[in-house]
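# Observations on chain architecture
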Amino acid sequence: MKGNLKDFSGTQILNLVSLAKRTGTLDVRRNGTQASLSFQDGKLIYAAMDDDDGSLASVLARDGRITREQASVLAKRARKIGDKQLGLLLIQKGYLTRADIIRSIKKHSAAIVKQFASWQEGAFAFDPGRLPGDDRITVPLDLENIIIEIARVQKRDEQLEEEIPSLDVSLRFVDRPTVKLQDLKLSRDEWRVMKYIKPENTIRMIANRLNMSDRQIRRVVGSLREAGLIELVRVRPRERLTPEQRKEKRAIVHRLIDRIQGIGVAE
Amino acid sequence: MQTKTVKVVVTGPFNAGKTEFVRAISEITPVLTERGISSEAERIKETTTVAMDFGRITVDDDLVLYLFGTPGQRRFDFMWEILAEGMLGFIVLVDSARPETFREALSILETFRAYAPTPYVVAANKQDLSDAWELDDLRIALRLDPDIKMLPCVAHDRESVKNVLLELLYSILEEIDLEEQSQ
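The written sequence of each chain sets the order in which its residues are numbered from 1. A letter from A marks each chain and a number from 1 marks each ligand, given out in the order of writing. With the structure being a predicted model, the display of local features is reserved for residues of pLDDT at least 70 and the display and counting of side-chain atom pairs for 80 or more, all residues being used for whole-chain, interface and lining totals. Hydrogens and water are ignored here; the side-chain numbers use all heavy atoms of the structure.

### Section: the packing of helix 1 (residues 18–25) of chain B against helix 5 (residues 158–181) of chain B
Residues and elements named next belong to chain B. Our working definition: The axes used here are C-alpha line fits, helices contributing only the stretch in contact, and every angle between their N-to-C directions lies in the interval 0 to 180 degrees. Secondary structure elements are defined from DSSP: runs of H or I of at least 4 residues count as helices, runs of E of at least 2 residues count as strands, and each element is numbered from the N terminus. Roughly parallel means an angle under 35 degrees; roughly antiparallel, over 145; roughly perpendicular, 65 to 115; everything else is oblique. Residue contacts are defined here by distance: any two heavy atoms, one from each residue, within 4.5 Å place the two residues in contact.
Packing of helix 1 against helix 5 leaves a shortest axis separation of 9 Å and a crossing angle of 95°. Considering the angle they form, helix 1 stands roughly perpendicular to helix 5. Here Phe21, Ala24 and Ile25 of helix 1 lie close against helix 5, whose contacting residues are Arg158, Val161, Lys162, Val164 and Leu165.

### Quick notes on the sheet that holds strand 1 (residues 2–4) of chain A
All names here are of chain A. What counts here: We treat two strands as partners when DSSP finds at least two bridges between them.
With respect to topology, five strands assemble into an open sheet ordered 1-5-2-3-4, the strand pairing being antiparallel. Here the strands that pair on one side only, and so sit at the sheet edges, are strand 1 and strand 4 (43–49). Pairwise comparison of adjacent strand axes, ignoring direction, gives a mean angle of 15° for this sheet. Of the strands in this sheet, strand 2 (24–30), strand 3 (33–40) and strand 4 touch helix 5 (residues 98–117), which is tilted by about 75° from strand 4.

### Remarks on the confidence of the model for chain A
Applicable threshold: The pLDDT score gives, residue by residue, the confidence of the prediction method on a 0 to 100 scale.
The pLDDT averaged across chain A works out to 86; a share of 97% of its residues lies at or above 70. In the model of chain A, helix 3 (residues 68–81) of chain A stands out as the element of lowest mean pLDDT, 80, in contrast to helix 10 (residues 243–262) of chain A, which has the highest, 94.

### Let's talk about the pattern of salt bridges
The test is simple: Here, a salt bridge means any Lys or Arg side-chain nitrogen found within 4 Å of an Asp or Glu carboxyl oxygen. Only protein chains enter the accessibility calculation, which uses a 1.4 Å probe; a residue is then buried when its area is under 20% of its type maximum, exposed when over 50%, and partly exposed in between.
According to the stated counting rule, one finds 28 salt bridges over all chains in the structure shown. The residue B:Glu179 makes a salt bridge to A:Arg246 at a minimum N-O spacing of 3.6 Å. Highlighted residues: B:Glu179 in helix 5 and A:Arg246 in helix 10, drawn from two different chains. Here B:Glu179 and A:Arg246 have matching classes, each one buried. A single network of salt bridges, built from pairs that share partners, joins A:Asp63, A:Arg65, A:Asp100, A:Arg103 and A:Lys107.

### Observations concerning helix 7 (residues 188–195) of chain A
Residues and elements named next belong to chain A. Note the cut-off: The arc refers to the directions leading from the helix axis to the C-beta atoms.
Those residues of helix 7 that sit buried are Glu190, Val193 and Met194. The buried residues of helix 7 occupy an angular sector of 105° when projected down its axis, which confines them to one face. Turned more than 90 degrees off the buried face of helix 7, the exposed positions are Arg188, Trp191 and Lys195. Contacts made by the buried residues of helix 7 are with strand 6 (169–173), helix 8 (203–210) and helix 9 (214–226).

### Let's talk about helix 3 of chain A
Test applied: Helix span, expected: 1.5 Å multiplied by one less than the number of residues in the helix.
Across its 14 residues, helix 3 of chain A extends 20 Å between first and last C-alpha, which sits within 8% of the 20 Å expected from 1.5 Å per residue. Following helix 3 of chain A by one or two positions, A:Gly82 adopts a phi angle in the positive range, close to 90°.

### What to know about the packing of aromatic side chains
Using the following cut-off: By convention, a stacked pair of Phe, Tyr or Trp rings (six-membered ring in the case of Trp) has centres within 6.5 Å and planes under 30 degrees apart, an edge-to-face pair has planes over 60 apart, and any other such pair is tilted.
In total, this model carries nine aromatic pairs over all chains according to the counting rule given. Relative to A:Trp119, the ring of A:Phe116 lies with its centre 6.4 Å away and its plane at 70°, an arrangement referred to as edge-to-face. The burial state of A:Phe116 is the same as that of A:Trp119; both residues are buried. With a centroid separation of 5.3 Å and 45° between ring planes, the pair formed by B:Phe54 and B:Phe68 is classed as tilted.

Right, dumping it as structure tokens:
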């Protein structure tokens, strides 16, 4: 099974693998990024994307259970004894429980698969039968709930594109927010966006400033709008005048000044 | 030769004095679109502008300045964007004696800035009243940057209105200069 996500979406592939209970590894390449998702009987058992290679050390670090420095030490250890042995060691030493490890791996796999599902294009190839090495920890993850969640998020993104068709509009705070401000809990991204809400800043300018994708900024703006905190204001771009137009405008303004200065003087 | 028309918009909250401002400087009796107030809460004057006030200053045969006063009540704000189109600049009138309207004034100011990034000045109207806020205090209340002109104003006094209009025109000239320097 080979193709491009432009023609066959990530959600469709996941659906197919899940329904057909396929076993193997799906490799996807997009703009220099590579994702690998391994499935057993239609269930996701392993996920890796570039630096997030799915190794136990990187998964635990990503989940905040260990620091990057600790992860680096553990990764060296894992190269000798493998992830499974390393996991056992961590459990035996009382640093983590089995449940902790399973939870972190599931979280990691779900995050990667969601990221993969958001890609609009990228060459993919499914290699039947190929699975991660025996030293890796695999945790079966049912795809159905993830697919439903991805579909829900995608639908919401589509709605947001309809609600905010252009990013060349600016934002303003509403006069009377519908939400009680003391009950308000904002995410880090929402706070970051709020900082730049000014009439002269378009959504696109804020996104560029904060290095956010169109989809990310739409989500943040969408949730702030939903909370009744902000509203959209259409912006007209600043008029760029040619030197001739500037000269003409200046002459007009001077004539207006002369006229207004004269009001009431000679009358 | 076709007469060239240019436009300045006078905006601000309800009862800030926009109609009076246009009336003070217009060479024609302004076309006023006032109606009786229906809301008890807003019955601090008998009538209010529902579409726009329209005044005119003729410079010569081929140049005319139109002054458009916006309706102050928020429910007529669909008119604002139409009025803002193609304006040379705008004036935000604030009733210096009614602090309860300052927030609304700021909101209107920001809306117009977004509609059209043209020069503007803020005119602190009713400075002749004893309970009028001082300009420095108003600037803080309205969170205005120091480079935004905040001018004293008494809208029924023509000289005062002239001064506000002239300051706006000077700001427009400054902006042309800045644009020229940046190229």
